[in-house]
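# Chain and residue survey
One-letter residues, chain by chain:
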Amino acid sequence: MADATDPSAGHVLTVVGVDADGVLDPAVAELVRDAEVLLGGRRHLALVPEVKGQRKVVWPSPLAENLDRLLAEVHGRRVVALASGDPTLSGVGTTLVRALGADAVRIVPAVSSVALARARMGWSAEESVVVTLVGRHEARLLRELAPGRRLLLLTSGSGTPAVVADLLGAAGHGDAPMTVLGELGGQDESRVTRPAREWLAVPAAEVPPLHVLAVEVPVAGPWRSAWTAGLPDDAFEHDGQLTRRDLRASALARLSPAPGQHLWDVGAGAGSVGIEWMRAHPTCRTTSVEAHPERAARISRNAARLGVPDLRVVEGRAPAALAGLTPPDAVFLGGGATRPGVLDACLDALREGGRLVVHGVTLETEALLADAYRTHGGELTRLAVETTAPVGTFTGWTPARTVTQWSLTR
């Protein structure tokens, strides 16, 4: 097997996946044995035999702040880093590729904990989803809840099952079976299944620190996991400042969420548009800009409850609050379009292919949008929605306020 730091191979270091029992393929074992420097966690380093003259280095904590210093110290040496299973599955392999580039890092994976968990549960890859909670907010799993959905959760430690159980209970799924698969592939492998509500009473000391959590959502029960636009209005906590369901669906159809893309939700109110943007795909990102402190706090609560806790809230008033934000792929301006400089700032932020949607309900905003349409083109639409309501002993139509919508693609 080629040496990890052979310049002809273009590698600076090699990352080796290690199973729970520490048994390595002979060729991989030779690679580890020949390393001048061995990086890894204490558990991984303890799994491999001592080699005379080999330096073992435990990952510094916090890793992100110390990684560049460590890599500089070992530069030019034969370096192997040890990781669990598949190093690119929420592992250090991904971190090192980001730091050094894919051409500088060689990955030698072992069987991943996810593959072992699927094998133990009898779940196919096509019919289950992996959600990493390692270093992430546990509420991320809520986006994935749907009838019959099978989740494999990569967890941060022994306290995670109780946190997950609490979230499932609050979402109406206290009966969901939760299986803790401990020490997968090791001599102390274990499997314990309980309904979610029962895991609330299990002390963290009784949960293996290294585990994968398997959750099967019951077929019957509440469901708000549609990833198409248009969650019910009552899915959001709000004070009336909410882009209503039909208008939200129209706006998101034109904003066109795509994996990895970033939305500015300006004048966010309850945050509904930015939240549904992030629910469209796990890698979608939103920055919600809201001037009112109570509404800003409400956006964060809504985002966590609907499974997108990583949504960023910026408390401030546009256009000043837009300065320095990560550039957007799309912008939704739900309020404040007539404030001087706001619309221009949103337009200026758009790159080629970026999308902008602006809503207005006043004559002044409508005039502004009509002028913008004449100047920049795009699409100008008036949206009128009526819903049924009692009229005495009969039923009639109640109109909502008509909204003027201007949309533009650069």
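Refer to the structure presented above.
Throughout, residues of each chain are indexed from 1 in the direction in which the sequence is written. Note on the predicted model: pLDDT of at least 70 is required for a residue's local features to be given, and 80 or more for side-chain atom pairs to be given and counted; whole-chain, interface and lining totals, by contrast, use all residues. Hydrogens and water are ignored here; the side-chain numbers use all heavy atoms of the structure.

Looking now at the packing of aromatic side chains. Under the pairing criterion, centres of Phe, Tyr and Trp rings, with the six-membered ring standing for Trp, must be within 6.5 Å; the plane angle then separates stacked pairs below 30 degrees from edge-to-face pairs above 60, leaving the rest tilted. The final tally for this structure, using the stated rule, is 0 aromatic pairs. Directly above the ring of Trp227 sits Arg143, whose terminal nitrogen or CZ lies 4.5 Å from the centroid. Only Lys NZ and Arg CZ are tested; either one counts as a charge over a ring when it is within 6 Å of the ring centre and within 35 degrees of the ring normal.

A word on the sheet that holds strand E11 (residues 262-266). The pairing criterion is simple: DSSP has to find at least two bridges between the two strands. A run of DSSP states H or I qualifies as a helix once it reaches four residues; a run of E qualifies as a strand once it reaches two. Both are numbered from the N-terminal end. As summarised here, the arrangement of the 7 strands in space is E13-E12-E11-E14-E15-E19-E16, forming an open sheet in which the pairing is mixed. Lying at the two open borders of the sheet, with one neighbouring strand each, are strand E13 (312-315) and strand E16 (379-383). The sheet shows a mean angle of 15° between the axes of neighbouring strands, taken without regard to direction. When strand E14 (residues 330-333) meets strand E15 (residues 355-360), the two strands line up parallel, connected through 4 bridges. In the sheet register, Phe332 faces E15, and the bridge partner there is Val357. Sheet contacts for helix H8 (residues 245-255): E11, E14, E15, E16 and strand E19 (403-409); angle to E15, the most-contacted strand, approximately 155°. As a rule, the C-alpha atoms of each element are fitted with a line to give its axis, helices using only the stretch in contact, and angles between N-to-C directions run from 0 to 180 degrees. Here, two residues are considered to be in contact whenever any of their heavy atoms come within 4.5 Å of each other.

Time to look at the environment of Glu379. Tracing the backbone shows Glu379 in strand E16. Put simply, Glu379 and Ala214 are 165 residues apart on the chain and 46 Å apart in space, counted from C-alpha to C-alpha. Those residues in contact with Glu379 that sit more than four places away from it in its chain are Arg254, Tyr373, Gln405, Trp406 and Ser407. One polar contact links Glu379 to Arg254, side chain to side chain, over a distance of 3.2 Å. Two N or O atoms count as a polar contact when they lie within 3.5 Å, although within protein this holds only if one can serve as hydrogen donor and the other as acceptor, and sequence-adjacent residues are included solely when both atoms are side-chain atoms.

We now examine the pairing of strand E8 (residues 177-182). With 5 of 6 residues buried, E8 is to be regarded as a mostly interior element. Alignment of E8 against strand E9 (residues 190-195), held across 6 bridges, turns out to be antiparallel. Opposite Val180, over in E9, you have Val192 as the bridge partner. Alignment of E8 against strand E10 (residues 211-216), held across 5 bridges, turns out to be antiparallel. Bridge pairing in E10 places Val180 opposite Leu213. Exposed residues in this analysis have more than 50% of their type's maximum accessible area, buried residues have under 20%, and partly exposed residues fall in between, with area computed by a 1.4 Å probe over protein chains only.

At their nearest, the axes of helix H3 (residues 63-74) and helix H4 (residues 92-100) sit 11 Å apart, and the two run at 60° to each other. Taken together, H3 and H4 sit at an angle that is classed as oblique. Considering the relative orientation of H3 and H4, their crossing is right-handed. Each of Leu63, Leu67 and Leu71 in H3 lies in contact with H4, whose residues at this interface are Val92, Thr95, Leu96, Ala99 and Leu100. Among the residues forming the contact of H3 with H4, the class breakdown is 7 nonpolar, 1 polar and no charged. Angle categories: roughly parallel below 35 degrees, roughly antiparallel above 145, roughly perpendicular from 65 to 115, and oblique for all the rest. For any helix crossing, the convention is left-handed if the near helix is rotated counterclockwise from the far helix by under a right angle, and right-handed if that rotation is clockwise. Gly is put with the polar residues, along with every residue not named as nonpolar or charged; the nonpolar set is Ala, Val, Leu, Ile, Met, Phe, Trp, Tyr, Cys and Pro, and the charged set is Asp, Glu, Lys and Arg.

Looking now at the pattern of salt bridges. Salt bridges are defined by distance alone: a side-chain nitrogen of Lys or Arg within 4 Å of a carboxyl oxygen of Asp or Glu. Under the defined criterion, the tally for this structure stands at 22 salt bridges. Of the charged contacts, one joins Glu144 and Arg143 as a salt bridge, the two residues approaching to 2.7 Å between their closest N and O atoms. A salt bridge links Glu216 to Arg150; the shortest N-O distance between them is 3.1 Å. Placement of the pair is Glu216 in strand E10 and Arg150 in strand E7 (residues 150-154), with a sequence separation of 66 residues. Classification of Arg150 as partly exposed rests on a relative accessible area of 23%. Residues participating in the shared-partner salt-bridge network are Glu237, Asp239, Arg295, Arg298 and Arg301.

Below, the discussion takes up the side chain of His173. With respect to the element layout, His173 can be found in the loop between helix H6 (160-170) and E8. With a relative accessible area of 4%, His173 lands in the buried category. Sequence-distant contacts of His173, defined by excluding residues within four places in its chain, comprise Leu145, Leu168, Ala196, Val217, Pro218, Gly221 and Pro222.

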